[in-house]
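The primary structure of each chain is shown beneath.
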Amino acid sequence: MENTCVCTSKQQSCLQEKDKSSKHPCFSLAAHKKYARMHLPVAPACNLSCNYCNRKFDCPHESRPGVSSEILSPRQAYERFLYVRERIPNLSVVGIAGPGDALADWKNTRPTLEMIREADPDVAFCLSTNGLLLPQYANELLALGVEHITVTVNAVDPAITAEIYRLINFDGQQYRGLEAAKLLLHKQLQGIGWLTRHGAVIKVNTVMITGINDQHIPEISKTMKTLGVTISNIVPLIPVQGSAFANWPQTSMPELLAMRERCQADLPQMRHCRQCRADAIGLLGEDKRLELIGGGKLVSAPAQEAI
């Protein structure tokens, strides 16, 4: 079912958001079978240590966030964009989704976007982040034309947040426990609120983790609604070898669907997510990466950059 706008006093704003998102396969159900996107893996560094994440493992045929068979320089990413654009005429979105955090690796993310924008003034930009550095780079994102931003928010309660992240690196210091959780939440809420007030379209991703945040997710949706978030994407935990949650139970599909229904009253729900790789190319669910590029060779983030 197509997402329906539930706004009243902000109807004009909703219409503008729908127009911006009409060719974005992640933000529009109608677009996901018509328009292609490509993720450029230029950002291996990360400033969070998530208990469900391990970016050291890659199979060319698996699909999950944080996975990429190679790391590209900004120039290589630009050349790949030109190559793919010639071969996929319905390419509408260029996204940077890691395999680390796009803002933690801003020195690579920014020049990539700048070169592509100079070559193509019409392609839409999308970026995924944990939100820790959103307030720092919000102005630059909008100046570069990044109007669609996905922020992973797994809790709005510091005590729950602290169970999901082992530590964070911020401004040259490491933080753990409640101190880290409070800092992360403050930056996420501050950045999301500012960006929505200035016209950005925000999608919030939430990893549903049984026994930790699963009963807390409706509170996340309510909070995100007050900040002007456009759409929510609740995704199942994928237990990953080598992560702290490697032996945690994978979220069941009935539980996931029930939670989406429960949260629909507050925020439209993305129901067509494929939890894409950081180097995905093509339609959602029809990755053309291997066909166009080949398997590549896994290049891990340098140890000092990956927590």
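Source: prediction; values computed, not measured.

**Student:** Looking at this model, I keep getting lost on the overall build of the protein chain. Mind explaining?
**Tutor:** Broken down by element type, the protein chain carries 9 helices and 11 strands. By residue count, 54% of the 307 residues in the protein chain fall in the buried class. Taking as baseline every contact in the protein chain between residues at least 6 positions apart, the subset at least 24 positions apart corresponds to 76%. Accessible surface, the protein chain: about 13600 Å² in total, of which carbon and sulfur atoms supply 51%.

**Student:** Explain the sheet that holds strand S6 (residues 165-170) to me, please; I cannot follow it from the model alone.
**Tutor:** Sheets are built from strands paired through backbone hydrogen bonds, the pairs being either parallel or antiparallel. Strands sit in the order S2-S6-S7 across an open sheet of 3 strands; the sheet is antiparallel. Each end of this open sheet is capped by a strand with a single partner; those strands are strand S2 (48-50) and strand S7 (173-176). Recorded for the sheet is a direction-independent mean angle of 20° between the axes of neighbouring strands. Where S2 and S6 come together, 3 bridges link them in antiparallel fashion. The residue bridging Cys-50 from the neighbouring strand is Tyr-165, located in S6.

**Student:** How do you make sense of the packing of aromatic side chains when you look at a structure like this?
**Tutor:** For any pair of aromatic rings, the description consists of the separation of the ring centres together with the inter-plane angle of the planes. Per the counting criterion, the structure on display carries 2 aromatic pairs. A centroid spacing of 5.0 Å and a plane angle of 40° characterise the contact between Phe-245 and Trp-248, whose relative ring orientation is tilted. Residue Phe-245 is classed as buried on the basis of its relative accessible area, which comes to 6%. Residue classification places Trp-248 among the partly exposed positions, given a relative accessible area of 31%. Its end group placed over the ring of Phe-125, Arg-117 keeps NZ or CZ at 4.1 Å from the ring centre.

**Student:** Help me understand the side chain of Asp-101 in this model?
**Tutor:** Tracing the sequence through the fold places Asp-101 in the loop between strand S3 (91-96) and helix H3 (106-119). Look at Asp-101 and you get buried, because its relative accessible area is 2%. Engagement of the side chain of Asp-101 in a polar contact is seen with the backbone nitrogen of Ala-104, the distance being 3.1 Å. Setting aside residues up to four positions removed in sequence, Asp-101 forms contacts with Ala-43, Ala-45, Cys-46, Asn-47, Ser-128, Thr-129 and Asn-130.

**Student:** Help me out: how do you make sense of the pattern of salt bridges in this one?
**Tutor:** One pass over the full model with this rule turns up 7 salt bridges. Glu-140 is the partner of Arg-110 in a salt bridge, and the nearest nitrogen-oxygen pair spans 2.1 Å. Of this pair, Arg-110 sits in helix H3 while Glu-140 is found in helix H4 (residues 134-143), placing the two residues 30 residues apart along the sequence. Using a relative accessible area of 25% as the deciding quantity, one classes Glu-140 as partly exposed. Each of Arg-110, Glu-114 and Glu-140 takes part in one network of salt bridges that share partners.

**Student:** Honestly, the packing of helix H7 (residues 217-226) against helix H8 (residues 253-263) in this entry has me stumped. Any pointers?
**Tutor:** Any two packed helices are characterised by the angle at which their axes cross and by the distance between the axes. It is the contact of H7 with H8, at a shortest axis distance of 9 Å, that shows an interaxial angle of 35°. H7 and H8 meet at a crossing whose hand is right-handed. Within the contact between the two elements, H7 uses Ile-217, Pro-218 and Ser-221 and H8 uses Met-259, Arg-262 and Cys-263. In terms of residue class, the contact of H7 with H8 is built from 4 nonpolar, 1 polar and 1 charged.

**Student:** Hey, could you run me through helix H2 (residues 74-87) in this one?
**Tutor:** An α-helix turns once every 3.6 residues. As a result, residues three or four positions apart point the same way. For H2, spanning 14 residues, the distance from its first C-alpha to its last is 20 Å, which sits close to the expected 20 Å at 1.5 Å a residue. Turning to H2, its buried residues number three or more, namely Pro-74, Ala-77, Tyr-78, Arg-80, Phe-81 and Val-84. Seen from one end, H2 has its buried residues packed into an arc of 160°, which puts them on one side.

**Student:** I keep staring at the confidence of the model for the protein chain and nothing clicks. Help me out?
**Tutor:** Caution is warranted with low-pLDDT regions, since their predicted coordinates should not be read in detail. Of all residues in the protein chain, 74% attain a pLDDT of 70 or more, and the chain-wide mean is 81. Below pLDDT 50 for its whole length, residues 1-17 participates in 14 contacts with residues either more than four positions away or in separate chains. Ignoring residues within four places in sequence, the model shows residues 29-33, a span with pLDDT below 50, making 13 contacts including any to other chains.

**Student:** Explain the nonpolar core to me, please; I cannot follow it from the model alone.
**Tutor:** A general feature of soluble globular proteins is that nonpolar side chains tend to end up buried together. Membership of the largest hydrophobic core comes to 72 residues, with the highest contact counts inside it found for Tyr-52, Ile-149, Ile-192, Ile-202 and Met-224. Considering every element that reaches this core, the biggest residue donor is helix H6 (residues 177-197), with 5 residues. When neighbours within four sequence positions are excluded, Tyr-52 is seen to be in contact with Thr-152, Asn-154, Ile-164, Tyr-165, Val-207, Ile-209, Leu-237, Ile-238, Val-240, Ser-243 and Phe-245.

Cut-off values and rules
- Residues numbered from 1 in each chain as written.
- Predicted model: local features only at pLDDT ≥ 70, side-chain atom pairs only at ≥ 80, totals over all residues.
- Heavy atoms only, no water.
- Helix = DSSP H or I, 4+ residues; strand = E, 2+ residues; numbered from the N terminus.
- Buried < 20%, exposed > 50% of the residue type's maximum accessible area, 1.4 Å probe, protein only.
- Contact = heavy atoms within 4.5 Å.
- Areas by Shrake-Rupley, 256 points an atom, 1.4 Å probe, with all protein chains shown as cover.
- Pairing = 2+ DSSP bridges.
- Axes fitted to C-alpha atoms, helices over the stretch in contact; angles between N-to-C directions.
- Phe/Tyr/Trp six-rings, centres within 6.5 Å; stacked < 30°, edge-to-face > 60°.
- Lys NZ or Arg CZ within 6 Å of the ring centre and 35° of its normal.
- Polar contact = N/O pair within 3.5 Å; in protein donor to acceptor, adjacent residues only side chain to side chain.
- Salt bridge = Lys/Arg side-chain N within 4 Å of Asp/Glu carboxyl O.
- Left-handed = near helix turned anticlockwise from the far one by under 90°.
- Nonpolar A, V, L, I, M, F, W, Y, C, P; charged D, E, K, R; others polar.
- Expected span 1.5 Å × (residues − 1).
- Arc of directions from axis to C-beta.
- pLDDT = per-residue confidence, 0-100.
- Core = buried A, V, L, I, M, F, W, Y, C linked by side-chain atoms within 4.5 Å.

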